[in-house]
Amino acid sequence: MTDTLFIKNMVCNRCKITVLNLLNNEGFEVVSIQLGKIVVKENSNNDYKSLEKQLNNLGFEIIKDPSKVLVEKIKINLIQQIENNDTDVILTKLERGIGKRYSILSKAFSKSEGITLEKYLINLKVEKVKEYIQLKELNFSEIAYSINYKSSSHLAKQFKQVTGMSMSDYKNLHHKKRKGLDQIV
């Protein structure tokens, strides 16, 4: 038998390593680990209260509410698509990946997070743009193309709308500020 744990804020590979190390140190036998989801073998020695406390200390949280689990699945799915530059028809892939209609996903997300799914996706893309700018490997047109914008001017407009500065101004900053993926909402 296994227990499935849904973990809030587990949004990158470093998060997975951190949580996996914690689980191993606490004596949990991990069957599988994915962003936001861990399957462990049931064991009477598993101390979930201690685990929950330690996860909270690290900025994670065990999610028990099914609607919050759904929202975390949405976030993880979108983050993975953006990180993999898999930006063709993102919202359609979201529906397929989670197995629910977009209208249901959108309503649940907005209700829980106080932001529309579309705005969250734009904010994710802007953070990816910031990463590309910091890496200095692509020009603005290449960045726009890589995250599936039809034009760099459309990307530039959204970037300025979200950050309050142009991409060039951001590029010229000495201390470039980025949000963690768990802090985008």
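Data block above holds the structure.
Given the structure is predicted, the values throughout are model-derived calculations rather than measurements.

## Describing the overall build of the protein
No. 1: A tally of regular secondary structure across the protein gives nine helices and four strands.
No. 2: Listed by position from the N terminus, the elements making up the protein come as β-α-β-β-α-β-α-α-α-α-α-α-α.
No. 3: Here the C-alpha coordinates of the protein stretch approximately 60 × 40 × 25 Å along the principal axes.
No. 4: Counting over 185 residues, the protein shows a buried share of 37%.
No. 5: Of the contacts made within the protein by residues no fewer than 6 positions apart, 60% connect residues no fewer than 24 positions apart.

## Digging into the sheet that holds strand 1 (residues 2-8)
No. 1: What the four strands build is an open sheet, ordered 2-3-1-4; its pairing is antiparallel. Because the sheet does not close on itself, it has two edges, and the strands there are strand 2 (30-34) and strand 4 (61-63). Averaged over all neighbouring strand pairs, the angle between strand axes comes to 30 degrees, with direction disregarded.
No. 2: Both strand 2 and strand 3 (residues 37-41) contribute to a ladder of four bridges, which runs antiparallel. Pairing of Ser-32 across the sheet is with Val-39, part of strand 3.
No. 3: Helix-sheet contacts for helix 3 (residues 66-83) involve strand 1 and strand 4, and the interaxial angle to strand 1 is about 70 degrees.

## So, helix 1 (residues 13-25)
No. 1: For helix 1, spanning 13 residues, the distance from its first C-alpha to its last is 18 Å, which sits close to the expected 18 Å at 1.5 Å a residue.
No. 2: What helix 1 keeps buried is the set Cys-15, Val-19, Leu-22 and Leu-23. Viewed along the axis of helix 1, the buried residues span an arc of 100 degrees, placing them on a single side of the element. Away from the buried face of helix 1 by more than 90 degrees, exposed residues Asn-13, Arg-14 and Asn-25 are located.
No. 3: In this fold, the buried residues of helix 1 make contact with strand 2, strand 3 and helix 2 (48-57).

## Some remarks on the pattern of salt bridges
No. 1: One pass over the structure, following the stated rule, counts six salt bridges.
No. 2: For the salt bridge of Lys-128 with Glu-83, the shortest nitrogen-to-oxygen distance reads 3.5 Å. Placement of Lys-128 in helix 6 (residues 117-135) and of Glu-83 in helix 3 is noted, with a sequence separation of 45 residues between them.
No. 3: Overall, Lys-128 belongs to the buried group, its relative accessible area being 6%.
No. 4: According to the relative accessible area criterion, Glu-83 is partly exposed, its value standing at 36%.
No. 5: The salt bridge partner of Lys-128 is Glu-131, with a shortest N-O separation of 3.5 Å.

## Some words on unusual backbone geometry
Most peptide bonds are trans, and most residues other than glycine sit at a negative phi.
No. 1: We note that Asn-9 has phi near 75 degrees; this positive angle belongs to a residue other than glycine.
No. 2: Within the secondary structure, Asn-9 is located in the loop between strand 1 and helix 1.
No. 3: At Lys-136, a residue that is not glycine, the phi angle is positive and equals roughly 60 degrees.

## Here's the deal with helix 6
No. 1: For helix 6, which comprises 19 residues, the first-to-last C-alpha distance of 27 Å matches the rise-based estimate of 27 Å (1.5 Å per residue) to within 8%.
No. 2: Phi turns positive, to about 60 degrees, at Lys-136, one or two residues after helix 6.

## Observations regarding the packing of helix 3 against helix 4 (residues 90-98)
No. 1: Relative orientation of the contacting elements helix 3 and helix 4 amounts to 130 degrees, with a least axis distance of 10 Å. Looking at the two axes, helix 3 sits oblique to helix 4. Handedness of the helix 3/helix 4 crossing: right-handed. Facing helix 3, whose interface residues are Leu-70, Lys-73, Ile-74, Asn-77, Leu-78, Gln-81 and Ile-82, helix 4 presents Ile-90, Lys-93, Leu-94, Gly-97 and Ile-98.
No. 2: Of the residues belonging to the contact of helix 3 with helix 4, the class tally is seven nonpolar, three polar and two charged.

Definitions and limits used
- Residues numbered from 1 in each chain as written.
- Predicted model: local features only at pLDDT ≥ 70, side-chain atom pairs only at ≥ 80, totals over all residues.
- Heavy atoms only, no water.
- Helix = DSSP H or I, 4+ residues; strand = E, 2+ residues; numbered from the N terminus.
- Buried < 20%, exposed > 50% of the residue type's maximum accessible area, 1.4 Å probe, protein only.
- Contact = heavy atoms within 4.5 Å.
- Pairing = 2+ DSSP bridges.
- Axes fitted to C-alpha atoms, helices over the stretch in contact; angles between N-to-C directions.
- Expected span 1.5 Å × (residues − 1).
- Arc of directions from axis to C-beta.
- Salt bridge = Lys/Arg side-chain N within 4 Å of Asp/Glu carboxyl O.
- Parallel < 35°, antiparallel > 145°, perpendicular 65-115°, else oblique.
- Left-handed = near helix turned anticlockwise from the far one by under 90°.
- Nonpolar A, V, L, I, M, F, W, Y, C, P; charged D, E, K, R; others polar.

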